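What follows is each chain in one-letter form.
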Amino acid sequence: MSVDPMTYEAQFFGFTPQTCMLRIYIAFQDYLFGVMQAVEQVILKKLGDLPGCEINPVQVRKCTEKFLGFMKGCFDNLFGKMERLFLQLILRIPPNILLPEDKPQELHPCSEEEFRLLQEEIEQLQKYKTELGTKQALLAELEEQKIMQAQLKQTLVLFDELENAGQDHGTSDFRESLVFLVQNSRKLQTIRDTVEQEGKRMKIL
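Note that the coordinates shown come from a computational prediction; the quantities given were computed from them, not determined experimentally. (Residues numbered from 1 in each chain as written. Predicted model: local features only at pLDDT ≥ 70, side-chain atom pairs only at ≥ 80, totals over all residues. Heavy atoms only, no water.)

Moving on to the overall build of the chain. Of regular secondary structure, the chain possesses 6 helices and 0 strands. In the chain, the succession of α and β elements from N to C terminus is α-α-α-α-α-α. Each of the 205 residues in the chain was classed as buried or not, and the buried ones make up 14%. Across the chain, the fraction of contacts at a sequence separation of at least 24, relative to all contacts at a separation of at least 6, is 58%. When the accessible surface of the chain is totalled, it reaches about 17200 Å², and 61% of it is carbon and sulfur. (Helix = DSSP H or I, 4+ residues; strand = E, 2+ residues; numbered from the N terminus. Buried < 20%, exposed > 50% of the residue type's maximum accessible area, 1.4 Å probe, protein only. Contact = heavy atoms within 4.5 Å. Areas by Shrake-Rupley, 256 points an atom, 1.4 Å probe, with all protein chains shown as cover.)

Here is the structure:
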């Protein structure tokens with residue numbers, strides 16, 4: 001097989017020419033093996049029909065393998081020549097041919113210095129893109145912090161309201177205010193349950 005990477009041809013075909021030739025080689029080889037197996041089966045059948053034949057299947061297999069080795073050697077020799085012709089004349093793009101995607105390079109060629117400057121500009125743009133992404137991430141984080149600060153402020157206002165409500169009822173400590181709020185909540189639940197039970201009893205009567 002050829003060791004030339006043939007990257008330009010691979011760009012055009014979508015596969016390397018060497019891979020194409022390898023698949024053709026494997027397909028021919030598989031076909032050759034299949035034919036030899038079929039021939040061997042025909043020989044064994046014909047020998048089985050001959051009376052007094054002393055040739056056994058082991059001898060037939062040895063002869064088949066020997067003939068297969070000879071055929072494979074001839075095939076490899078012929079395929080090597082065919083591969084060289086294919087890779088040189090059929091699956092190779094001439095050096096004076098450009099693919100459509102490379103036409104702009106022919107119309108607008110650039111010197112080594114221009115190419116170097118272009119690479120530097122690309123690196124600067126990539127750096128700017130990275131910095132822009134970092135800035136956007138920081139802005140998103142700041143926005144999230146603003147939302148958390150607003151929520152925290154609401155929580156502090158709620159605590160202040162609870163504390164003020166406790167002071168109005170004679171409890172100065174925040175913990176006492178919470179206890180007072182829980183007790184009142186339980187009382188309200190008890191009253192609600194009592195009212196619901198009375199309502200059900202009145203419906204029954």
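Within helix α3 (residues 57-90), burial applies to V60, T64, L68, F75, F79, G80, E83 and L87. The backbone nitrogen of V58 lies 3.1 Å from a side-chain oxygen of the residue at the head of α3, namely N56. (Polar contact = N/O pair within 3.5 Å; in protein donor to acceptor, adjacent residues only side chain to side chain.)

A word on the UniProt feature "coiled-coil region" (unreviewed entry) in the chain. Here, the residues flagged by UniProt with the feature "coiled-coil region" (unreviewed entry) are residues 125-155. A distance of 45 Å separates the end C-alpha atoms of residues 125-155, which is 100% helix and 0% strand. (UniProt positions renumbered as here; feature names shortened; annotations may be inferred.)

A word on the packing of aromatic side chains. A ring pair, where both rings are aromatic, is described by two values, the distance of the centres and the angle of the planes. A complete count under the given rule lists 7 aromatic pairs for this structure. Through successive ring pairs, a cluster of aromatic residues spans Y25, F28, F75 and F79. (Phe/Tyr/Trp six-rings, centres within 6.5 Å; stacked < 30°, edge-to-face > 60°.)

This brings us to the pattern of salt bridges. Under the defined criterion, the tally for this structure stands at 4 salt bridges. In this structure, the salt-bridge partner of E40 is R61, at a minimum N-O distance of 2.6 Å. Residue E40 is found in helix α2 (residues 17-49), and its partner R61 is found in helix α3; the two are separated by 21 residues along the sequence. Relative accessible area serves as the criterion here: at 5%, E40 is assigned to the buried category. By relative accessible area, R61 is classed as partly exposed at 41%. (Salt bridge = Lys/Arg side-chain N within 4 Å of Asp/Glu carboxyl O.)

Our next topic: a nonpolar patch on the surface. On the surface, a cluster of nonpolar side chains totalling about 350 Å² of accessible area is made up of Y31, V35, V39 and I43. Along the polypeptide, I43 turns up in helix α2. Residue classification places I43 among the partly exposed positions, given a relative accessible area of 36%. (Patch = residues over 30% accessible without salt bridge, like charges linked within 9 Å, V, L, I, M, F, W, Y side chains within 5 Å.)

Packed helices, taken two at a time, are described by the angle their axes make and the gap between the axes. Running from N to C, α2 and α3 point in directions that differ by 155°, and their axes come no closer than 10 Å. Taken together, the axes of α2 and α3 are roughly antiparallel relative to one another. As for how α2 packs across α3, the hand of that crossing is right-handed. A class-by-class count of the residues in the contact of α2 with α3 yields 21 nonpolar, 3 polar and 5 charged. (Axes fitted to C-alpha atoms, helices over the stretch in contact; angles between N-to-C directions. Parallel < 35°, antiparallel > 145°, perpendicular 65-115°, else oblique. Left-handed = near helix turned anticlockwise from the far one by under 90°. Nonpolar A, V, L, I, M, F, W, Y, C, P; charged D, E, K, R; others polar.)

With that settled, consider α2. An ideal rise of 1.5 Å per residue puts 48 Å on 33 residues; α2 measures up with 49 Å between its terminal C-alpha atoms. When we look at burial in α2, the residues that qualify are P17, Q18, M21, Y25, Q29, L32, M36, E40 and L47. Packed against the buried residues of α2 are α1 (7-13) and α3. (Expected span 1.5 Å × (residues − 1).)

Looking at the chain, pLDDT values average 80 and 79% of them are 70 or higher. Within the chain, no element has a lower average pLDDT than helix α4 (residues 103-107), which sits at 65, and none a higher one than α3, at 90. (pLDDT = per-residue confidence, 0-100.)

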